[in-house]
Amino acid sequence: MTGTVDPRIASARALLAEDHQPITMTPDELWHLLARTQRRVHELLELLDELWISSRAPAAERARRAAELLAEVPQSQRASNPEGDYASVLADLLANIGDDSAAAVRDWLRAARRLALTGPQREVQAQALGDAVTYRESGCDRACADCGTAPSGLCADHEADMDKADSYRALARTLGIEADL
Ligand SMILES: [Zn+2]
């Protein structure tokens, strides 16, 4: 974040870092310090307005965004007591931050869920990939006439079958399937 600090924040920090002894200051000096302090506070409030209020949608819109986001969170990730329900707290926060924040996180959650299968679904997936590997490799066990004349011992069709079987195994590994394929 260094180098990107808003000058108004830097100015306020610089003022706070100054060392003043009010008891020894003249009324003029005190007045000047007060004026500078007020100016810094004003700038910080201006910054807060820019960051927060201007990006705020109406309450109903924010509530709709938060609800839409929360609908993507699995029940297993929710807590029964509202104070411990971080999904709800974060959904509210994200809906407040900006127009696109809640929508972006909602889309991430949807994408993640497309990959997430239940236990039985994973078993079916592992079985299907295992069957596909077996099917492709079974052809290669019965070498054809073309295989007999090919230098590698496999014709183009049977070579392609082997490649497909390999790609099914690679997909299984990617999906974290611990089957013996
Ligand atoms: Zn062949």
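Enquirer: What's the story with the overall build of the chain in this structure? I'm lost.
Expert: Check the secondary structure of the chain and you find eight helices and zero strands. Along the chain direction, N to C, the helices and strands of the chain fall in the order α-α-α-α-α-α-α-α. With respect to the three principal axes, the spread of C-alpha positions in the chain is 105 × 45 × 25 Å. Expressed as a percentage of the 181 residues in the chain, the buried residues total 7%.

Enquirer: Mind showing me how you'd approach the environment of His42 here?
Expert: Inspection of the secondary structure puts His42 in helix H2 (residues 27-51). The exposure class assigned to His42 is exposed, which follows from the 11 C-beta atoms found within 10 Å.

Enquirer: Help me understand the packing of helix H3 (residues 59-70) against helix H4 (residues 86-97) in this model?
Expert: Two quantities define a packed helix pair, namely the angle between the helix axes and the distance between the axes. Packing of H3 against H4 leaves a shortest axis separation of 8 Å and a crossing angle of 135 degrees. The pairing of H3 with H4 is recorded here as oblique in orientation. As H3 packs across H4, the resulting crossing turns out to be right-handed. Facing H3, whose interface residues are Arg62, Arg65, Ala66, Leu69 and Leu70, H4 presents Ala87, Ser88, Ala91, Asp92, Leu94, Ala95 and Asn96. Across the contact of H3 with H4, the residue classes tally to seven nonpolar, two polar and three charged.

Enquirer: Just checking my understanding: could you explain the nonpolar core for this structure?
Expert: For soluble globular proteins, the rule of thumb is that nonpolar side chains tend to be buried together. By size, the foremost hydrophobic cluster in this structure holds seven residues: Ala66, Leu69, Leu70, Ala91, Leu94, Ala95 and Ala102. Secondary-structure elements contributing two or more residues to this core are H3 and H4.

Enquirer: What exactly am I supposed to notice about the environment of Ala60 here?
Expert: Here Ala60 shows up in helix H3. Its 8 C-beta neighbours within 10 Å are what place Ala60 among the exposed residues. It is 23 Å that separates the C-alpha atoms of Ala60 and Arg110, two residues lying 50 residues apart in sequence.

Enquirer: Looking at this model, I keep getting lost on the domain arrangement of the chain. Mind explaining?
Expert: Much of the literature gives interface size as the accessible area that the parts lose upon coming together. Taken domain by domain, the chain consists of domain 1 (7-115) and domain 2 (119-174). Its C-alpha centre places domain 1 at a distance of 55 Å from the equivalent point of domain 2.

Enquirer: Help me out: how do you make sense of the packing of helix H1 (residues 7-17) against H2 in this one?
Expert: At a closest axis distance of 9 Å, the pairing of H1 and H2 adopts a crossing angle of 145 degrees. Every pair of crossing elements has a handedness; the one defined by H1 and H2 is left-handed. Between H1 and H2, the residues in contact are Arg8, Ser11, Ala12 and Leu15 and Arg36, Thr37, Arg40, Glu43, Leu44 and Leu47, respectively.

Enquirer: When you look at H3 in this model, what are you seeing that I'm missing?
Expert: In an α-helix there are 3.6 residues to a turn, and that puts residues three or four apart on one side. Here H3 contains 12 residues, and its C-alpha end-to-end distance of 16 Å stays within 8% of the 16 Å for a straight helix at 1.5 Å per residue. Those residues of H3 that fall on the buried side of the exposure criterion are Arg65, Ala66, Leu69 and Leu70. Projected onto a plane normal to the axis of H3, the buried residues spread over an arc of 130 degrees and lie on a single side. Residues of H3 that are exposed and point over 90 degrees away from its buried face: Ala60 and Glu61. Each element contacted by the buried residues of H3 is listed here: H4 and helix H5 (101-115).

Parameters at a glance
- Residues numbered from 1 in each chain as written.
- Predicted model: local features only at pLDDT ≥ 70, side-chain atom pairs only at ≥ 80, totals over all residues.
- Helix = DSSP H or I, 4+ residues; strand = E, 2+ residues; numbered from the N terminus.
- Buried ≥ 20, exposed ≤ 12 C-beta atoms within 10 Å, placed from the backbone.
- Axes fitted to C-alpha atoms, helices over the stretch in contact; angles between N-to-C directions.
- Parallel < 35°, antiparallel > 145°, perpendicular 65-115°, else oblique.
- Left-handed = near helix turned anticlockwise from the far one by under 90°.
- Contact = placed C-beta atoms within 7 Å.
- Nonpolar A, V, L, I, M, F, W, Y, C, P; charged D, E, K, R; others polar.
- Core = buried A, V, L, I, M, F, W, Y, C linked by C-beta atoms within 7 Å.
- Domains from an automatic or database assignment.
- Expected span 1.5 Å × (residues − 1).
- Arc of directions from axis to C-beta.

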